[in-house]
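# Descriptive structure summary
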Amino acid sequence: MNSDNMSILGLTLDYGPYGFLDGFDAGHICNHSDDSGRYAYNQQPQIGLWNLHCLAQALLPLIPRDDLLAALGEYQPQFEAAFAEQLRRKLGFATWQEDDWTLVTDLFELMQATHTDWTLFWRSLSHWPLQQNTAELRDLFLARNEFDQWLARYQSRLNDGITPEQRSQAMLLANPKYILRNYLAENAIALAQQGDFSEIKRLHRCLMQPFAEQPEFAAYAAMPPEWAKEITLSCSS
């Protein structure tokens, strides 16, 4: 997300390195040429602010410096509010509370230790309020006792007036079942280079409804194969 790939609207313009997380790693680097990890996953908020600083510098001849600095000062609270809202929806909370940051931080630390699959975890958690299928979630973690403790804290947090049915339905609309994982794109590209575009069309049909249950595409929602970890990408991929 370097500064020439971010529009004035804050949209990312370059999807070359396909920035999709499989196993959660806060230091995940999409681009293999990013040796220092400047654009790693956990650096994205800071890089967003850096990009805005670059824009502000370009606008200095037109806008007073103090006004630009005041605008930049709004970035952090607005980012945190937007991030909290996304997490609230993913976790199925009616409202966001300040203590929820601790719950999320502890969850991320558990996921980091195991490199828990990001997409599979959130989708499984979306079913949990209704089905209470703890085994499916526990299997995504090595430190299962620690995860049990986290899940108990999460369960106690859910006492906010929302029924399990309402919560699960809302979470399923915030946590996709299907994403364009790197290895899925790699398979489709390999076939396309041989003149076979059927897999691209099939993926396209699936990803038009990423939040829907689509039994015919169940394989796309499975755990990635081991070889997927070896895929390296660059901005020219």
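See the structure shown above.
Right, let's walk through the structure included here.

Cut-offs and rules
- Residues numbered from 1 in each chain as written.
- Predicted model: local features only at pLDDT ≥ 70, side-chain atom pairs only at ≥ 80, totals over all residues.
- Heavy atoms only, no water.
- Helix = DSSP H or I, 4+ residues; strand = E, 2+ residues; numbered from the N terminus.
- Buried < 20%, exposed > 50% of the residue type's maximum accessible area, 1.4 Å probe, protein only.
- Polar contact = N/O pair within 3.5 Å; in protein donor to acceptor, adjacent residues only side chain to side chain.
- Core = buried A, V, L, I, M, F, W, Y, C linked by side-chain atoms within 4.5 Å.
- Contact = heavy atoms within 4.5 Å.
- Phe/Tyr/Trp six-rings, centres within 6.5 Å; stacked < 30°, edge-to-face > 60°.
- Lys NZ or Arg CZ within 6 Å of the ring centre and 35° of its normal.

### Re the environment of Thr-105
Of note, Thr-105 is situated in helix 4 (residues 100–114). With relative accessibility at 39%, the residue Thr-105 sits in the partly exposed group. Sequence spacing of Thr-105 and Thr-116 is 11 residues, and the spatial spacing of their C-alpha atoms is 14 Å. Only 2.8 Å separates the side chain of Thr-105 from the backbone oxygen of Trp-101, close enough to count as a polar contact.

### Some thoughts on the nonpolar core
A general trend in soluble globular proteins is that nonpolar side chains are found buried together. Counting 25 residues, the largest nonpolar core has Phe-108, Phe-121, Leu-125, Trp-150 and Tyr-154 as the members making the most contacts within it. Within the residue set of this core, elements represented by two or more residues are helix 3 (75–91), helix 4, helix 5 (118–131) and helix 7 (144–157). With six residues, helix 4 is the single largest residue contributor to this core. Not counting residues within four places of it along the chain, the set of residues in contact with Trp-150 comprises Leu-91, Leu-103, Asp-106, Leu-107 and Leu-110.

### Re the packing of aromatic side chains
Under the defined criterion, the tally for this structure stands at 20 aromatic pairs. Their ring planes at 85° and their centres at 6.0 Å tell us that Phe-24 and Tyr-41 sit as a pair that is edge-to-face. With Phe-24 in the segment before helix 1 (44–59) and Tyr-41 in the segment before helix 1, this residue pair connects regions lying 17 residues apart in the sequence. Overall, Phe-24 belongs to the buried group, its relative accessible area being 3%. Where Trp-118 meets Trp-122, the ring centres are 5.6 Å apart and the plane angle is 70°; that geometry is what we call edge-to-face. On the criterion of helical spacing, the pair formed by Trp-118 and Trp-122 is a turn pair, its members being four residues apart in helix 5. Every member of this aromatic cluster is reached through a ring pair, and the members are Phe-24, Tyr-41, Phe-93, Phe-108, Trp-118, Phe-121, Trp-122, Trp-128, Phe-141, Phe-147, Trp-150 and Tyr-154. Just above the ring of Phe-93 sits the side chain of Arg-157; from NZ or CZ to the centre is 4.0 Å.

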